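Chains, contacts and geometry: an overview
Now for the letters of each chain:
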Amino acid sequence: MSISTPARPVPGERTPPPGSGTPRRSWRTRLFQAEERTAPYVYVAPFFLLFAAFGLFPLVQTAWISLHSYKLGSEMKWLGLENYVWLFSNPDFYNSLWKTFTIGVLSTVPQLMIALGLAHLLNYRMRGRTFFRVAMIMPYATSVAAAALVFAQLFGRDAGAVNWLLGVVGVDAVDWRNGDWTAQLAISIIVIWRWTGYNALIYLAGMQSISQDLYEAAALDGASRWQQFRHVTLPGLRPTILFTAVVSTIGASQLFGEPLIFGGGQPDGGALGQYQTLGLFMYQQGWTYGSLGRAATVAWVTFLLIIVLVLVNTAITRRRQP
Amino acid sequence: MTATLERPPVTVVAASSSRKRLRRNDSAGWLAYVLLALTAFVFLVPFYYMIVAASRPMAEMNQTPPPLLPGPDLWSNIVKAVESQDIGLALMNSMIVSGVITVSTVLLCTLAGFAFAKMRFRGRNVLFGIALGTMMIPPSLGVVPLYALMATLGLAGDLSSVILPSLVQCFGVFFMRQYLIQTLPDELLDAAKVDGATSLRTFWSIVLPIARPGMAVLAMLTFMTAWNDFFWPVITLNSSNPTVQVALNNLGSGYVPDTSVIMAGTLVGTLPVIVVFLLLGRQIVGGIIAGAVKG
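Residues numbered from 1 in each chain as written. Chains lettered and ligands numbered in written order. Predicted model: local features only at pLDDT ≥ 70, side-chain atom pairs only at ≥ 80, totals over all residues. Heavy atoms only, no water.

1. Digging into the overall build of chain B
Heads up, the rule is: In this description a helix means any DSSP run of H or I spanning at least four residues, a strand means any run of E spanning at least two, and both kinds are numbered starting from the N terminus. Residue exposure (1.4 Å probe, protein chains only): buried if accessible area is under 20% of the type maximum, exposed if over 50%, otherwise partly exposed. Two residues form a contact once any of their heavy atoms are found within 4.5 Å. Each accessible area value is a Shrake-Rupley result obtained with a 1.4 Å probe; residue values ignore everything except the protein chains displayed when judging cover.
When you go through chain B residue by residue, the secondary structure sums to 15 helices and zero strands. Within chain B, buried positions represent 51% of all 295 residues. Within chain B, counting contacts between residues at least 6 apart in sequence, those at least 24 apart form 73% of the total. As displayed, chain B offers around 13300 Å² of accessible surface, 66% of which is attributable to carbon and sulfur atoms.

Structure, rendered in structure tokens:
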């Protein structure tokens, strides 16, 4: 013992760390690997949990509530499809459906076309480019409430600046709020004002990702600026245009704040419902009349409508090959 | 972020003859200036009108022609607006709501964006597809059960009922993923791994510092969106505990028929966003462009 001990065991103790060393290292390694495997799930979990709780669950629950008579604080009463029968036989629903559609078209189409033109201009090399870009986007930073309040004043019948301006040009004063089309036009202008600059920036981003070579090739082939715009810019922007069309459609189908405030906080959308949108109609059923079941029905029908509109949008944008 | 605003330097490098042609083709003519100036004017006039109307007595705003320059009554109109709707409380509430939402959104979206951008795990593509798909679902469609849920939890009317549903948003996840794919080199992550850093440690000491500019942009956009949110706060909050937007809605709902006071309140409620824009407008514009869907 005393002879063999100093000769051999020294390197033996070091090289294979027996007993304690190996398991400890692999325990740590395993923990490390486990962390690496589970970490991504832990990182994305908050998003999905919150979405499930406050996004998906309410959406599904809306379908369930729409089959009931439901007032806050009372029990839900099963109605089956009665709410839907009520909805589809209600002239007010068709009115708000139609107004949502007309205001949607009046606001979305000019908005996207102006935005496309603006993006084209903003894409030029010029002085004060940043100023123009910031000025275009300022309305987007303004809240629905502020924008609608200001425009409600501008479109006032007696003292509104718009009527004053029209008077200067020699046009008689318009009763914007009480007219059918004029009220819809005024609300559309609020929407156009707020969202055109935002869409222009989105288009600008799309334009900047189109390869410069394409323009050079087109120019070499003798294409005019307009031809370049039509045959290079527009096709290159197609995905972007689809994106903005879908987002604007969804926004238009949910229009709520603008008509509510334009009408002085009343959800009836004018005396004749001339600007009562689906959003207002739902709010009126649920929170003015307290019938949450019917409000849920309106919401669910709106949702189905949006899906249809998105599909139609996608189809149209895909097919239009310039 | 401003770098994304500049066009690619191709034109500068190109040969002189083609450079001339491209430059001529590229720089704006007088018509472009006129059109843009006109649009900028139209876009900015409502802000100016807000200031003019808020600084004059209502009687003067009812004259024809309406006054075109700011008047002396700004402060007294603001005081009236603040008194009639407790705008001070509303500003405070909006600060709390927007602040909490911003911090939580930026943090959670950076985490998720990092996972989606740089980590490999089973089901990543499916999960990211779902996350993208949620962008298509309009949030206001679930308001009925959400309202019922908040009422059941006893949170209706409470600020937390506004905060909870907005703690995270899919746009942010998408934005941070895109940002990190572009800016975070894989080599750095590999080096950290070799050094034995856990992924949380990597996130803290490597991802966060690199992601900071992107997080700043996301923070600005989120704050703006939260500050301006209207539909859900109007439904869940009552006038005794409003955010700025709810207060503005009440202000316009006829309790105060005074145009100038309404405009003064609107000005106060919009001012924070205007100030942020004057200071950081360039970055915000860059952020919107960077976050946009590119062709």
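2. Regarding a nonpolar patch on the surface
Here is the rule: Two distance rules govern patches: like charges are joined within 9 Å, and nonpolar side chains (Val, Leu, Ile, Met, Phe, Trp, Tyr) within 5 Å, applied only to residues with over 30% relative accessible area and no salt bridge. For this analysis, a salt bridge means a side-chain nitrogen from Lys or Arg found within 4 Å of a carboxyl oxygen belonging to Asp or Glu.
On the surface, A:Trp98, A:Phe101, A:Val105, A:Val109 and A:Met113 cluster together into a nonpolar patch covering about 530 Å² of accessible area. Mapping A:Val109 onto the fold places it in helix H5 (residues 91-122).

3. Focus: the nonpolar core
This is how the line gets drawn: What is meant by a nonpolar core is a set of buried Ala, Val, Leu, Ile, Met, Phe, Trp, Tyr and Cys residues, joined one to another through side-chain atoms within 4.5 Å.
Within the largest apolar cluster, 182 residues are counted, with the highest numbers of intra-cluster contacts made by A:Phe262, B:Phe114, B:Met263 and B:Ile288. Sorting elements by how many residues they give to this core places helix H9 (residues 180-208) of chain A first, with 14 residues.

4. Thoughts on helix H6 (residues 129-141) of chain A
Worth spelling out the cut-off: Multiply 1.5 Å by the residue count of a helix minus one, and that product is the helix's expected span.
Between its terminal C-alpha atoms H6(A) stretches 19 Å, which fits the 18 Å expected from 13 residues at 1.5 Å a residue. Counting buried residues along H6(A), 11 of its 13 residues qualify, which places the element largely inside the surrounding structure. A:Arg129, A:Phe132, A:Arg133, A:Val134, A:Ala135, A:Met136, A:Ile137, A:Met138, A:Pro139, A:Tyr140 and A:Ala141 are the residues of H6(A) that are buried. Next to the buried residues of H6(A) lie H5 and H9 of chain A together with helix H3 (30-54), helix H12 (199-228) and helix H15 (259-291) of chain B.

5. Observations concerning the interface of chain A and chain B
Note the threshold: Note on terms: buried area is the combined drop in 1.4 Å-probe accessible area of two parts once they are placed together, counting the loss on both. Polar contact criterion, stated in full: a pair of N or O atoms within 3.5 Å, where within protein one must be able to donate a hydrogen and the other to accept it, and residues adjacent in sequence count only if both atoms are side-chain atoms.
Facing the 94 residues of chain A at the interface are 101 residues of chain B. A combined buried area of about 9200 Å² lies between chain A and chain B, and 75% of that area is made up of carbon and sulfur atoms. One salt bridge in this structure joins B:Lys193 and A:Glu36, with 3.3 Å as the shortest N-O distance. There are 10 residue pairs in polar contact (both at pLDDT 80 or more) connecting chain A and chain B.

6. Quick word on the state of the cysteines
All names here are of chain B. Defined as follows: Note on terminology: disulfide denotes any pair of cysteine sulfur atoms within 2.5 Å.
Using the criterion set out here, one finds zero disulfides over all chains in the structure. Cysteine Cys109 is unpaired, with the sulfur of Cys170 as its nearest cysteine sulfur at 8.4 Å. According to the relative accessible area criterion, Cys109 is buried, its value standing at 0%. For Cys170, a relative accessible area of 16% puts it in the buried group.

7. Section: the confidence of the model for chain A
Rules: Scored from 0 to 100, pLDDT reflects the predictor's confidence in each residue.
A residue-level look at chain A finds 91% of positions with pLDDT of 70 or above and a mean pLDDT of 87. Confidence drops under pLDDT 50 across residues 1-21 of chain A; counting only partners more than four residues distant or on other chains, this segment forms four contacts.

8. Side note on the pattern of salt bridges
All names here are of chain A. Applying the stated criterion across every chain, the model contains five salt bridges over all chains. Lys99 is paired through a salt bridge with Asp180; the nearest N and O atoms lie 3.1 Å apart. Taken together, the residues Lys99 in helix H5 and Asp180 in helix H9 connect sequence positions 81 residues apart. Classification of Lys99 as buried rests on a relative accessible area of 6%. Looking at Asp180, the relative accessible area reads 35%, which means it is partly exposed. Notably, a salt bridge pairs Glu258 with Arg194, separated by 3.6 Å at the nearest N-O pair.

9. A word on helix H13 (residues 278-288) of chain A
For H13(A), the tally of buried residues reaches nine of 11 residues, placing the bulk of the element in the interior. For H13(A), the complete set of buried residues consists of A:Leu278, A:Gly279, A:Leu280, A:Phe281, A:Met282, A:Tyr283, A:Gln284, A:Gln285 and A:Gly286.

10. Focus: unusual backbone geometry
All names here are of chain B. The residue Asp86 is not glycine, and still its phi comes out positive at about 50 degrees. Relative to the elements of secondary structure, Asp86 occurs in the loop between helix H5 (74-85) and helix H6 (87-118). Under the relative-accessibility criterion, Asp86 is labelled partly exposed at 41%.

11. Looking at the packing of aromatic side chains
Note the cut-off: Stacked, edge-to-face and tilted are the three classes for Phe, Tyr and Trp ring pairs, Trp counted by its six-membered ring, which pair at centre distances within 6.5 Å; planes under 30 degrees apart are stacked, over 60 edge-to-face, the rest tilted. Should the NZ of a Lys or the CZ of an Arg lie within 6 Å of a ring centre and within 35 degrees of the ring normal, that charge is described as sitting over the ring.
Considering all chains together, one arrives at 33 aromatic pairs over all chains under this definition. Measuring from centroid to centroid gives 4.2 Å for A:Phe256 and B:Phe231, while their planes differ by 75 degrees, and the two rings are edge-to-face. You can see A:Phe256 sitting in the loop between helix H11 (225-253) and helix H12 (257-262) and its partner B:Phe231 sitting in helix H13 (residues 231-236), one on each of two chains. Note on accessibility: A:Phe256 and B:Phe231 belong to one class, buried. Both rings, one in B:Phe114 and one in B:Phe203, keep their centres 5.8 Å apart while their planes meet at 35 degrees; by these two values the pair is tilted. With B:Phe114 in helix H6 and B:Phe203 in helix H12, this residue pair connects regions lying 89 residues apart in the sequence. Overall, B:Phe114 belongs to the buried group, its relative accessible area being 3%. Among the aromatic residues, those joined into a ring-pair cluster are A:Phe256, A:Tyr283, A:Trp287, B:Tyr147, B:Phe230 and B:Phe231. Taking the ring centre of A:Phe262 as reference, the NZ or CZ of A:Arg177 above it sits at 5.4 Å.

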